[in-house]
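# An overview of the molecular structure
The lines below spell out each chain.
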Amino acid sequence: MDLSVIIVNYNTKELTLNCLDSIRQSETTFQLETILIDNHSTDDSVEVIQQLHPEVILISNLENVGFAKANNQGMRIAKGRYILLLNSDTVVQPDTLDVMIRFMDEHPEVGASGCKVVLPDGSLDKACRRGFPTPLTTFYYVSGISKLFPKSPRFNAYHMEFLDENEEYPVDCLVGAFMMVRREVIERVGMLDERFFMYFEDTDWCYRIQQAGWVNYYYPKTQIVHYKRGSSRGRPYRITYEFHRAMKLFYDKHYRKHYPFWVTLFMYLGIIVKFGATVLKDQVWKLFYKPGVPKPLHQEKRKGVSPGQ
């Protein structure tokens, strides 16, 4: 088995079906397996996926165990030489998996790689190539200084907009929406840290991979589409809480021992202030938000499609 694609689903039936359809339509000679972990969805995701994609290896959890733990469940049974973390709200191109496997085969020094990730409007999903969130980098990002100087390597070290998005290069951090990892790397550095319920688990993994001497690499010779929410406003309180908890956890795990107390205090205060401001903004936004009828990504007929790998 060359590649194990791992997808976590939680109440995203249509998006997940679109993702699985795109994997089925991949044009490659490599052997693939798709492992889907359902985090106790309350829609009929499991039943529909079993019916329309019988080739998928399905794990159905009795509770929502989080993104990191669910992916680890998939990794424990995966047989591939490479493991691909793939978000359920993505669509791969026909050549994406083939291009990325060939790249990894030709570059044994690369521990993890990511392709170009674009949003539905064609713009770059900036999370697909990032610098690590050091205290200073975080300050420039949260304060808005990075937006004032987007082409500055010093002030915009997080989103790295000073680099051409169509060129390839090593980066600090890839995104868990599409992250291909060598099996030897996982055997050496371990799987995802399950203390991260969601958010920063990919950043933590990339940090450990780099610390172990491997290269994280951005390779935009192929791309995927990421149908993430266009706005984070109005999101559930749990998501906001987990993001900021993960931010603190990452800092404590990797940076706290390297900085004086006053830097840690400054970081904690910044996280608290940002958390409070985000919750307030979300609550205000909900008062004026009038939900419309969601539109499916496409109305493609799925009946009669032969199973993939």
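Residues numbered from 1 in each chain as written. Predicted model: local features only at pLDDT ≥ 70, side-chain atom pairs only at ≥ 80, totals over all residues. Heavy atoms only, no water.

### Details of the overall build of the protein chain
Assigned secondary structure in the protein chain consists of 10 helices and 9 strands. What you see for the protein chain is a C-alpha radius of gyration of 19 Å, in line with the 19 Å of a compact globule of 309 residues. Along the first, second and third principal axes, the C-alpha atoms of the protein chain reach 60 × 50 × 35 Å. A separation of at least 24 residues holds for 80% of the contacts in the protein chain among residues at least 6 apart in sequence. (Helix = DSSP H or I, 4+ residues; strand = E, 2+ residues; numbered from the N terminus. Rg over C-alpha atoms; globule rule 2.2 N^0.38 Å. Contact = heavy atoms within 4.5 Å.)

### Details of helix 1 (residues 13-24)
Along its 12 residues, helix 1 runs 16 Å from first to last C-alpha, staying within 8% of the 16 Å computed at 1.5 Å per residue. Considered for burial, the residues of helix 1 that qualify are Thr-16, Leu-17, Asn-18, Cys-19, Leu-20, Asp-21, Ser-22, Ile-23 and Arg-24. As for helix 1, its buried residues are in contact with strand 1 (3-9), strand 2 (32-38), helix 2 (45-52), strand 4 (82-86), strand 5 (90-92) and helix 4 (96-106). (Expected span 1.5 Å × (residues − 1). Buried < 20%, exposed > 50% of the residue type's maximum accessible area, 1.4 Å probe, protein only.)

### What about a nonpolar patch on the surface?
A contiguous nonpolar patch, built from Leu-280, Val-284, Leu-287 and Phe-288 and spanning about 470 Å² of accessible area, is present on the exposed surface. Its location among the elements puts Phe-288 in helix 10 (residues 261-288). Under the relative-accessibility criterion, Phe-288 is labelled exposed at 65%. (Patch = residues over 30% accessible without salt bridge, like charges linked within 9 Å, V, L, I, M, F, W, Y side chains within 5 Å. Areas by Shrake-Rupley, 256 points an atom, 1.4 Å probe, with all protein chains shown as cover. Salt bridge = Lys/Arg side-chain N within 4 Å of Asp/Glu carboxyl O.)

### Details of the environment of His-244
With respect to the helices and strands, the residue His-244 is situated in helix 9 (residues 237-254). Beyond its immediate stretch of four places on either side in the chain, His-244 contacts Ile-271, Lys-274, Phe-275 and Thr-278.

### Topic: the nonpolar core
Counting 80 residues, the largest nonpolar core has Leu-3, Leu-86, Phe-178, Met-179, Met-180, Trp-205 and Ile-209 as its most contacted members. With 6 residues, helix 9 is the single largest residue contributor to this core. The contact partners of Leu-3, leaving out residues within four places of it in the chain, are Gln-31, Leu-32, Glu-33, Gly-80, Arg-81, Tyr-82, Ile-83, Leu-84, Leu-97, Ile-101 and Met-180. (Core = buried A, V, L, I, M, F, W, Y, C linked by side-chain atoms within 4.5 Å.)

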